[in-house]
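Residue strings, one per chain:
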Amino acid sequence: MHVSTIIGDKGNAVYTIEPGQMLSDAVNVLCEKRIGALVVVSGAQVEGILTERDIMHALHKDGGTILSRPVRDYMTSEVMACKMTDSVDYIRSLMTSQRFRHMPVIEDGLLQGMVSIGDVVKSRIAEVEAETDALKSYIASG
Ligand code: AMP
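Residues numbered from 1 in each chain as written. Predicted model: local features only at pLDDT ≥ 70, side-chain atom pairs only at ≥ 80, totals over all residues. Heavy atoms only, no water.

J.: Can you tell me about the site of the ligand, naming the residues and giving the values?
T.: Inspection of the region around the ligand gives 14 residues, with Asp-54, Thr-76, Met-80, Arg-101 and His-102 positioned closest. A distance of 2.8 Å separates a nitrogen atom of the ligand from a polar backbone atom of Met-80. Measuring from an oxygen atom of the ligand, one finds a side-chain N or O atom of His-102 at 2.7 Å. For the shell around the ligand, the element with the highest residue contribution is strand E4 (residues 102–107), accounting for 3 residues. Here the residues of the shell around the ligand sort into 6 nonpolar, 3 polar and 5 charged. (Near = heavy atom within 4 Å. Polar contact = N/O pair within 3.5 Å; in protein donor to acceptor, adjacent residues only side chain to side chain. Helix = DSSP H or I, 4+ residues; strand = E, 2+ residues; numbered from the N terminus. Nonpolar A, V, L, I, M, F, W, Y, C, P; charged D, E, K, R; others polar.)

J.: Now, about unusual backbone geometry: what can you tell me, with residues and values included?
T.: Positive phi, normally seen in glycine, also occurs at Arg-34, with a value near 55 degrees. Relative to the assigned elements, Arg-34 resides in the loop between helix H2 (23–33) and strand E2 (37–42). A positive phi is found at Asp-108, a non-glycine position, where the angle reads about 50 degrees. Among the structural elements, Asp-108 can be located in the loop between E4 and strand E5 (110–116).

As structure tokens, then:
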């Protein structure tokens, strides 16, 4: 299975925020949209990623004042992105080894979607269920 299958199923919405916006804006979007990560952009340029975990670490480090600090102070600037043609197995191993749960899909510099570890697990379960059903039919037919 490829990333394009996941994006085809869930759609290509990607929630973004600008580096100069406040962390309180990020918290609002994360909670209202019930998501775990925002891609930080300046125009079409991807500048970073900010996840709920970054906000937790920021709170631990700097306390409640973080809400009025800019997103750029707490985002991760080196974003690992994937492509539509990448296999889901490949991005699952990257997410596991790098210990993150979100991967933007970027093609030709343009954001095409966001894949979360939840999407990856869901697609793997669907694959295993399909394989089990095929095996059951094969056994029943013999
Ligand atoms: P997460 O598990 O996705 O909440 O992220 C854990 C840490 O990895 C946070 O510091 C994120 O900013 C960072 N992170 C998440 N996704 C990515 C990514 N695709 N590329 C680089 N860093 C990431």
